[in-house]
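Residue strings, one per chain:
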Amino acid sequence: MPSVNLRLNGASVRVDVESRTLLVELLRERLGLTGTHVGCDTSQCGACTVHLDGRSVKSCTMLAVEADGCEITTIEGMAAADGTLHPVQAAFKEHHGLQCGFCTSGMVMSSAELVKRNPGASEAEIRAWLEGNFCRCTGYHNIVKAVQAAASAGRS
């Protein structure tokens, strides 16, 4: 059984996995990080989005062994050690960018990469960036407002 060595939410982790184990399965079932959700198993919904070496990836279509040697951040690793929310998390809370919460972790992870890459993103650019993340509850208006607010906070 292969071993996977990761830097996970700032901590070094070594775990043996079957070669067919998906990254989302490793995170949720073996490591107990259940904030990363499984919505569709086909990479269509984005609920499983995590950061791999600083980039958003859908963990339901990536094998855990492919992440060997990488740095992974899940929604559990976004807040500061003292519990202070990441600016994107705070903006989602402040601007009601969630309803049931199922898609929220993936939305936050994707949005955090966008805010880092393009803090001046227009509404159209935000909507295009989030096309791979589905929310069945909100209509996206407050999600877009939250991303704009987080980007604005990062620029100031």
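Residues numbered from 1 in each chain as written. Predicted model: local features only at pLDDT ≥ 70, side-chain atom pairs only at ≥ 80, totals over all residues. Heavy atoms only, no water.

1. Describing the sheet that holds strand β5 (residues 71-73)
So, step 1. The sheet built from five strands is open, its strands ordered β2-β1-β5-β3-β4 with mixed pairing. Sheet topology places β2 (11-16) and β4 (55-58) at the edges, where each strand pairs with a single neighbour. Each adjacent strand pair in this sheet contributes to an overall mean axis angle of 40°, direction not counted.
So, step 2. Here strand β3 (residues 49-52) pairs with β4 via four bridges, running antiparallel. Along β4, the bridge assignment pairs His51 with Ser56.
So, step 3. Against the sheet, helix α1 (residues 23-30) contacts β1 (3-8), β2, β3 and β5, and its axis sits at roughly 100° relative to β2.
So, step 4. Where helix α3 (residues 104-117) meets the sheet, it contacts β3, β4 and β5, and its direction lies at approximately 40° from that of β3. (Pairing = 2+ DSSP bridges. Helix = DSSP H or I, 4+ residues; strand = E, 2+ residues; numbered from the N terminus. Axes fitted to C-alpha atoms, helices over the stretch in contact; angles between N-to-C directions. Contact = heavy atoms within 4.5 Å.)

2. Details of the side chain of Gln89
So, step 1. Positionally, Gln89 belongs in helix α2 (residues 87-94).
So, step 2. Residue Gln89 is classed as buried on the basis of its relative accessible area of 14%.
So, step 3. Aside from chain neighbours lying at most four places away, what touches Gln89 is Ile75, Met78, Ala79 and Val108. (Buried < 20%, exposed > 50% of the residue type's maximum accessible area, 1.4 Å probe, protein only.)

3. Topic: the pattern of salt bridges
So, step 1. Throughout the structure, instances matching the rule amount to four salt bridges.
So, step 2. Where Arg55 meets Glu113, a salt bridge forms, and the shortest distance between an N and an O atom there is 3.7 Å. Pair noted here: Arg55 is in strand β4 and Glu113 is in helix α3, with a separation of 58 residues, a long-range link.
So, step 3. Note on Glu113: relative accessible area 5%, which makes it buried.
So, step 4. Put simply, Arg117 and Glu113 hold a salt bridge, and the shortest N to O gap is 2.8 Å. Of this pair, Arg117 and Glu113 both sit in helix α3, four residues apart, which is roughly one turn of that helix. (Salt bridge = Lys/Arg side-chain N within 4 Å of Asp/Glu carboxyl O.)

4. Regarding the environment of Arg14
So, step 1. Along the polypeptide, Arg14 turns up in strand β2.
So, step 2. Measuring from C-alpha to C-alpha, the distance between Arg14 and Cys48 comes to 21 Å, with 34 residues separating the pair along the chain.
So, step 3. When neighbours within four sequence positions are excluded, Arg14 is seen to be in contact with Ser3, Val4 and Asn5.
So, step 4. Here the side chain of Arg14 touches Ser3 through a polar contact of 2.8 Å, side chain to side chain. (Polar contact = N/O pair within 3.5 Å; in protein donor to acceptor, adjacent residues only side chain to side chain.)

Taken by themselves, the reported measurements are silent on function.
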